[in-house]
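# Commentary on secondary and tertiary structure
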Amino acid sequence: MPEGDTVYRAARLLDTRLSGETLLHAELRVPQHATADLAGAVVAQTVPRGKHLLTRLERGDERWTLHTHLKMEGVWRVFDGGRRWSKPAHTARVVLRVPGREAVGFSLGVVDLLATADEQSVVGHLGPDLLGGDWDPDEARRRLLAVPERSVYEAILDQRNLAGIGNVYAAELLFLGGLHPATPVGAVTAVPRLLARAHQALEVNKDRRTRTTTGDTRSPLWVYGRSGAPCRRCHTRIEQAPRGPAGRERTSYWCPHCQPAPPRAASVTG
Ligand SMILES: [Zn+2]
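Residues numbered from 1 in each chain as written. Predicted model: local features only at pLDDT ≥ 70, side-chain atom pairs only at ≥ 80, totals over all residues.

Moving on to the packing of helix α3 (residues 137-144) against helix α6 (residues 191-205). Relative orientation of the contacting elements α3 and α6 amounts to 125 degrees, with a least axis distance of 10 Å. By the angle between their axes, α3 is oblique relative to α6. Note that α3 runs across α6; the crossing there is right-handed. Contacts between α3 and α6 pair P137, A140, R141 and L144 from the former with V191, P192, L195 and A196 from the latter. The class makeup of the residues in the contact of α3 with α6 is 7 nonpolar, no polar and 1 charged. (Axes fitted to C-alpha atoms, helices over the stretch in contact; angles between N-to-C directions. Helix = DSSP H or I, 4+ residues; strand = E, 2+ residues; numbered from the N terminus. Parallel < 35°, antiparallel > 145°, perpendicular 65-115°, else oblique. Left-handed = near helix turned anticlockwise from the far one by under 90°. Contact = placed C-beta atoms within 7 Å. Nonpolar A, V, L, I, M, F, W, Y, C, P; charged D, E, K, R; others polar.)

Right, here's the structure in full:
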C-alpha cells in the first residue's frame, strides 16, 4: 500500500527520468482535464509532499502543477523506448511522453492540474512531512494532541497532523509502541518517541524495495496484514478491525497481548 516512502520513491523516479525534458505528448485521462494541452512544456521537477506528488511544468510564462495521489492502488512507471506497458492500458490515468521514454501513472486516486501558484490549495492542509526537509516533530505533536480524545490510530493517519503515514505504518508503529489502536492519543505518554520512530521508519525504508519494520525482509512486518497469525513476539493471534478483506484503507491490526486495550476510564476525557 502506498505510504510516504512509496511516494518518495515515485517522486524520485519521475524527477530523475523527466526533469529537464520537454513533453512531446501528455494525456490526463480524467474528464476535467482530458483536453489539457501540455505539449511543449518542460518538466521542471517532481516533489513529494506527504502522500501527494507535485510535478511542475513550465511553458513560456505558464507554470502548472500536475498533482497526483496514489491512494490505494496507484503506481507510476517509466518505460524506455516504446517498451510495452506492464499494466493494463485502461488503468492509465496519466501519460507523459518525453524523448526516448514515457511515464505512465496507473490507477491514480487523484489527477489534477492547477497553477503552480495554487499548490497550497491541495497540500496546504498537510501537517509536517515525515520525509520533508522541514520535518517538525514538535508541530506534529502539537497537532496530534489538539484532539486528545481521538484514537491514536486515527490521529496518526490524519495527514493534517503529520504527513506520510498510511495504514501499514500506523499498525506497525502502534505495535512497536505497545499501543492499542483505540488508545486516546491524549493518553499516550510517549508521543515524541512515536514520532521519532515514524520518522526513522520512513527514512530507512525510503530507499528499500521491501518495506520492513522488523529489520528482516523475509518477515518484514509485525502485525499489518497478519490477522489470525501468531504475534512474532508472544505468539498471541493478531487481531484485525473491522473484520473483512485485508488491505482496506482503515483496517487496523494489533496484538491483544503486546498492545492491551486502554482502560475504559482512559477513553473518557474532561
Ligand atoms: Zn504479541
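When a strand is regular, its side chains alternate between the sheet's two faces. Of all 6 residues in strand β7 (residues 101-106), 5 are buried, a share of seventy percent or more. Relative to β7, strand β5 (residues 75-80) runs antiparallel, the two being bridged by 6 bridges. Looking across to β7, one finds that R77 is bridged to V104. Turn length for the strand β6 (residues 92-98)-β7 hairpin, with the two strands adjacent in sequence and antiparallel, is 2 residues, and the turn residue G100 shows positive phi of about 85 degrees. (Buried ≥ 20, exposed ≤ 12 C-beta atoms within 10 Å, placed from the backbone. Pairing = 2+ DSSP bridges.)

This part is about α6. Since there are 3.6 residues in each turn of an α-helix, residues three or four apart along the chain are aligned in direction. Helix length check: α6, at 15 residues, gives a terminal C-alpha distance of 21 Å against a target of 21 Å (1.5 Å per residue), a fit within 8%. Residues of α6 that are buried include every one of V191, L194, L195, A198, A201, L202 and N205, and no others. Each buried residue of α6 sits inside an arc of 125 degrees when the element is viewed along its axis, so together they form one side. In α6, the exposed positions angled more than 90 degrees off the buried face are occupied by P192, R193, A196 and Q200. Residues of α6 that are buried make contact with α1 (4-18), α3 and α5 (167-176). (Expected span 1.5 Å × (residues − 1). Arc of directions from axis to C-beta.)

A separate point is the environment of H90. With respect to the secondary-structure elements, H90 resides in the loop between β5 and β6. Overall, H90 belongs to the exposed group, with 7 C-beta atoms counted inside 10 Å. Sequence spacing of H90 and E102 is 12 residues, and the spatial spacing of their C-alpha atoms is 16 Å.

Our focus in this paragraph is the sheet that holds strand β1 (residues 25-28). Strand order in the open sheet made by the 4 strands is β1-β6-β7-β5, with antiparallel pairing throughout. This sheet does not close on itself; its edge strands, each paired only once, are β1 and β5. Along the sheet, successive strands turn relative to each other by an average axial angle of 15 degrees, direction set aside. α1 contacts β5, β6 and β7 of the sheet and is inclined by roughly 30 degrees relative to β5.

On to the sheet that holds strand β2 (residues 42-49). Across the sheet, 4 strands lie side by side as β2-β3-β4-β8; this open sheet has antiparallel pairing. The open sheet terminates on both sides in strands that have one partner only, identified here as β2 and β8 (110-115). Averaged over all adjacent pairs, the angle separating strand axes in this sheet is 20 degrees, with direction ignored. With 7 bridges joining them, β2 and strand β3 (residues 52-59) adopt antiparallel strand pairing.

A word on the domain arrangement of the protein chain. Interfaces are often described in size by the accessible area the parts lose on coming together. The assigned domain composition of the protein chain is domain 1 (4-123) and domain 2 (137-267). The distance between the C-alpha centroids of domain 1 and domain 2 comes to 31 Å. Between domain 1 and domain 2, the contact holds 8 residues from the first and 10 residues from the second. The element contributing the most residues to the side of domain 1 that touches domain 2 is α1, with 4 residues. Here the side of domain 1 that touches domain 2 is built from residues that sort into 2 nonpolar, 2 polar and 4 charged. (Domains from an automatic or database assignment.)

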